[in-house]
Amino acid sequence: MTGPDLAGLAEQLGRAADDVTAIPQLAAETGLDVDAAYAVQAALVQRRLGRGERLVGLKMGLTSKAKMAQVGVDEVIWGRLTDLMRVPDGGTVDVSRFIHPRVEPEVAFLLDRLPEPGEPVGDFTDAVRAVAPAIELIDSRYANFRFSLPDVIADNTSAGAFVVGPWSPVPDGLENLGVLLEVDGRVAQVGSTAAILGDPRRALDEGIRLAGRHGVRLREGWVFLAGAATAAVPLRAGAQVRAVVEKLGSASLRASS
Ligand code: 0L1
Ligand code: MG
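Residues numbered from 1 in each chain as written. Chains lettered and ligands numbered in written order. Predicted model: local features only at pLDDT ≥ 70, side-chain atom pairs only at ≥ 80, totals over all residues. Heavy atoms only, no water.

**Q** Can you lay out the sheet that holds strand 4 (residues 92-93) for me, pointing to particular residues and giving the numbers?
**A** Across the sheet, five strands lie side by side as 4-13-12-8-9; this open sheet has mixed pairing. The outermost strands of the open sheet, each flanked by one partner alone, are strand 4 and strand 9 (186-192). Pairing geometry for strand 8 (residues 178-183) and strand 12 (residues 240-245), over five bridges, is antiparallel. In the sheet register, L180 faces strand 12, and the bridge partner there is V244. (Pairing = 2+ DSSP bridges. Helix = DSSP H or I, 4+ residues; strand = E, 2+ residues; numbered from the N terminus.)

**Q** Summarise unusual backbone geometry; cite the residues concerned and give the values.
**A** Of note, the phi angle at V20 is positive, near 50°, even though the residue is not glycine. With respect to the element layout, V20 can be found in the loop between helix 1 (6-19) and helix 2 (27-30). Notably, K247 is not glycine yet its phi reads approximately 75°, a positive angle. Within the secondary structure layout, K247 lies in the loop between strand 12 and strand 13 (249-255). The exposure class assigned to K247 is exposed, which follows from its relative accessible area of 55%. (Buried < 20%, exposed > 50% of the residue type's maximum accessible area, 1.4 Å probe, protein only.)

**Q** Residues and numbers for empty space enclosed by the protein, please.
**A** All told, the structure shown has two cavities of 30 Å³ or more when counted by the stated rule. Size it by volume and the largest cavity reaches roughly 110 Å³. Looking at the lining of the largest cavity, the elements with two or more residues in it are strand 1 (55-61), helix 4 (65-71), strand 5 (102-111) and strand 10 (223-228). It is strand 1 that provides the largest number of residues to the lining of the largest cavity, a total of three residues. A per-class count over the lining of the largest cavity returns nine nonpolar, five polar and four charged. (1 Å grid on protein atoms, 1.4 Å probe; cavity = no way out; pocket = protein on both sides within 12 Å on 5 of 7 lines; lining within 4 Å. Points joined across faces, edges and corners; volume = space filled by probe spheres on them. Nonpolar A, V, L, I, M, F, W, Y, C, P; charged D, E, K, R; others polar.)

**Q** Describe the coordination of the magnesium ion (ligand 2), and please don't skip the residues or the numbers.
**A** Only E104 (OE), E106 (OE) and E136 (OE) from the protein reach the magnesium ion (ligand 2) as donors, at distances of 1.9 to 2.0 Å. Written as a sequence motif, the donor arrangement for the magnesium ion (ligand 2) is E-x1-E-x29-E. Its relative accessible area of 1% is what places E106 among the buried residues. (Donors = N, O, S within 2.8 Å, 3.2 Å for Na, K, Ca; no water.)

**Q** Go over helix 7 (residues 200-213) with me, naming the residues and quoting the values.
**A** In this model, helix 7 (14 residues) spans 20 Å end to end at C-alpha, consistent with the 20 Å of a helix rising 1.5 Å per residue. By the burial criterion, the buried members of helix 7 are P200, A203, L204, G207, I208, L210 and A211. (Expected span 1.5 Å × (residues − 1).)

**Q** Tell me about the site of ligand 1, and name the residues and values.
**A** Around ligand 1, the surrounding shell holds 14 residues, and the nearest of these are K59, L62, K67, E136 and S158. K59 has a polar side-chain atom sitting 2.8 Å from an oxygen atom of ligand 1. Here ligand 1, which alone exposes 300 Å², has 100% of that area covered by the protein. When contributions to the shell around ligand 1 are tallied by element, the ones reaching two or more residues are strand 1, helix 4 and strand 6 (128-138). Of all the elements, strand 1 adds the most residues to the shell around ligand 1, at three residues. Residue composition of the shell around ligand 1, by class: seven nonpolar, three polar and four charged. (Near = heavy atom within 4 Å. Polar contact = N/O pair within 3.5 Å; in protein donor to acceptor, adjacent residues only side chain to side chain. Areas by Shrake-Rupley, 256 points an atom, 1.4 Å probe, with all protein chains shown as cover.)

Have a look at this one:
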């Protein structure tokens with residue numbers, strides 16, 4: 001019996017993103033499981049690297065109960081970030097590149113020296129050089145933003161774009177900082193960094209552990225998106241978005257009209 005055509009699935013997902021056209025879910029039809037889905041994700045991102053993009057970090061997904069409830073999936077997942085996904089703080093995102101974009105407020109880490117996979121992070125401030133408020137733009141390549149766990153993993157955890165605000169030294173506590181997502185100056189979501197696995201620092205342990213299972217080692221200088229503190233909100237053309245994290249400041253983007 002042959003397994004799913006992993007390269008073919010990566011190609012379908014890559015074309016969906018290129019053509020800005022949603023596709024039906026793939027996993028149920030093809031018998032894709034979680035391990036095979038991470039292999040599809042690797043091939044999908046390799047397709048981008050083949051076009052000259054560079055790997056610049058890793059993101060965690062579904063780290064909060066709000067996010068899990070929003071998409072009906074209940075496991076923490078991880079995906080890859082490339083340089084082309086990064087939008088400067090205060091910059092404009094071309095929304096015509098995305099199918100049904102949503103934005104969510106996050107906390108970003110700038111990685112320093114990291115332990116081997118399987119070893120505990122130990123002192124967080126040895127592993128993380130700086131912390132920043134961030135916005136992630138997610139965009140599922142599946143119709144109606146609906147997917148199973150293997151589907152969303154294969155789709156690089158809906159990664160679309162991200163903005164990182166100003167870096168600060170790691171503050172004393174990160175586990176219960178207030179978070180706001182504003183759209184056009186109005187509060188759209190309110191949350192706390194406690195929603196990110198109880199403490200965003202835990203997301204790094206999980207990222208090292210889960211990515212390590214697939215042979216991926218986090219690198220010094222990478223950006224690590226720890227996960228969203230609230231549910232995501234649809235990004236409309238022309239919207240001005242700001243994520244504010246207590247003690248860390250804010251990050252912002254504008255959606256092209
Ligand atoms: O970053 C995230 O939490 C997204 C993970 C995938 C689920 C979604 O698309 O909302
Ligand atoms: Mg996210």
